[in-house]
Amino acid sequence: MKIIKKLIKKIVFVGGGTLGHIFPMVPVVKMLKEENPGIDINFIGTKNGLEKDFIESTHLFNKTYYLDAQGFRRSFSLYNLKTILKYFINRYQSKKILKELKPEIVVGMGGYVTGSVLKSAYRMRIKTVIHEQNSVFGFTNRLLKKDVDLVLLSYDIEKNEKTYLVGNPRISEIYHKYKHRLFDVMERNVLIVGGSRGATKINDLVIGLKERFEKEKIKVMLITGNKYYKDNVTKINNLKSDLFIVKSFVKDLATFLLNARVVVTRCGATTISEVMALRKVCLFIPSPNVTNNHQEKNALEIVEREGALMIRESELTKDTLFENIVNLLDNEPLRKKIITNINLLSDVNACRKFVDRLYELMNR
């Protein structure tokens, strides 16, 4: 379908709490700025989320606003009453912001702050869009999807007249940035990362396997997460080896992914997007401690299409971890099948599709 590109003059992006809601937005904003000279792009996020410092460092937005939003806890508590109060305060504040900005479109990227802003935009009859990065709708997007004009999906999880499968624009960004450096690493390098908060069981098992890795001449880089590293700094300092490197955190994970023959990781939307963009052979270990078990569902979208292997944390032992890593390192037919399927599953045009749907909405 050919999209007539009616220029967008003013747009607001909303999202926050985690950077997983923010990273897919960045390539979309950059493409809009390239194709719409003089466009006014603004951002609304949360005061206490991870996104504020990152957003300010990008210098991509004309104006930025940060609301005091928070999510619900599963048990009844005064905290949840405070959440409801903050929601209505944010509805009032977001209405004032939108009246000031007068955007043509408001795009929600996920996170609790999205709820109050998108509801205000909907009531003000501003065109609204949400993007879901995971394979199951988050709490806020689940509440918003009936009201908004467009629902853009990373996975094919729902079909109706307003949903469109566009993929995750983070795939586009990482692929185009590193496409000239993509190659199948021959060295037996393994990158193991449990996400920014770390994963205690994975870290403990990997450290316990150090001698087996060294005996097999497997080079391991373990990214533990800051908290685990601090809590175990003495033990980690005694592990120093050319074949076993431990880091607390890395800023640009993609550059480390490039040099890995096998990746072992949790299954957040951003990490999966980067793994797919770089065509990496991967062992997924989804976190069992996330809402709606969305990490396992994310992983299964790829595993069921033979684009990766997966072990549930409840099934994880030293032996299952080590055997799966060795299999992924040395089983050439398996590696070839996985890489072929990742190529089919990884939509490097996700950003283009996302932006074209915004143009289509402008033409309605």
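What comes next is a walk through the structure. Sequence order as written defines residue numbering, which begins from 1 separately in each chain. Predicted model: local features are reported for residues with pLDDT of at least 70 only, side-chain atom pairs are reported and counted for 80 or more only, and whole-chain, interface and lining totals are derived from all residues. The basis for every side-chain value is the complete set of non-hydrogen atoms in the structure, without hydrogens or water.

When a residue's accessible area, from a 1.4 Å probe over protein chains only, is under 20% of the maximum for its type it is buried; when over 50% it is exposed; and in between it is partly exposed. The helix count covers DSSP runs of H or I at least four residues long, the strand count covers runs of E at least two residues long, and both are numbered beginning at the N terminus. The buried fraction of strand 1 (residues 10-14) is high, at four of five residues. Pairing between two strands requires that DSSP report at least two bridges joining them. Here strand 1 pairs with strand 2 (residues 40-46) via five bridges, running parallel. Bridging across to strand 2, Val12 finds its partner in Asn42. In this structure, strand 1 lies alongside strand 4 (residues 105-108), joined through four bridges in parallel fashion. Looking across to strand 4, one finds that Val12 is bridged to Val106.

Looking now at the pattern of salt bridges. Salt bridge, as applied in this entry: a Lys or Arg side-chain nitrogen positioned within 4 Å of an Asp or Glu carboxyl oxygen. Under the definition given, this model contains 24 salt bridges. Its salt-bridge partner being Lys145, residue Glu158 comes within 2.8 Å of it at the nearest N-O pair. Of this pair, Glu158 sits in the loop between strand 6 (150-153) and strand 7 (163-165) while Lys145 sits in the loop between helix 5 (139-144) and strand 6, and the two are 13 residues apart along the sequence. Lys145 gets classed as buried once you look at its relative accessible area, which sits at 17%. Measuring nitrogen to oxygen at the nearest pair gives 2.5 Å for the salt bridge that ties Glu274 to Arg170. Remark: Arg170 occurs in helix 6 (residues 169-178) and Glu274 occurs in helix 12 (residues 269-277); sequence separation between them is 104 residues. Both residues of the pair, Glu274 and Arg170, count as buried. Several salt bridges share partner residues, and in doing so they unite Asp184, Arg261, Glu332 and Arg335 into one network.

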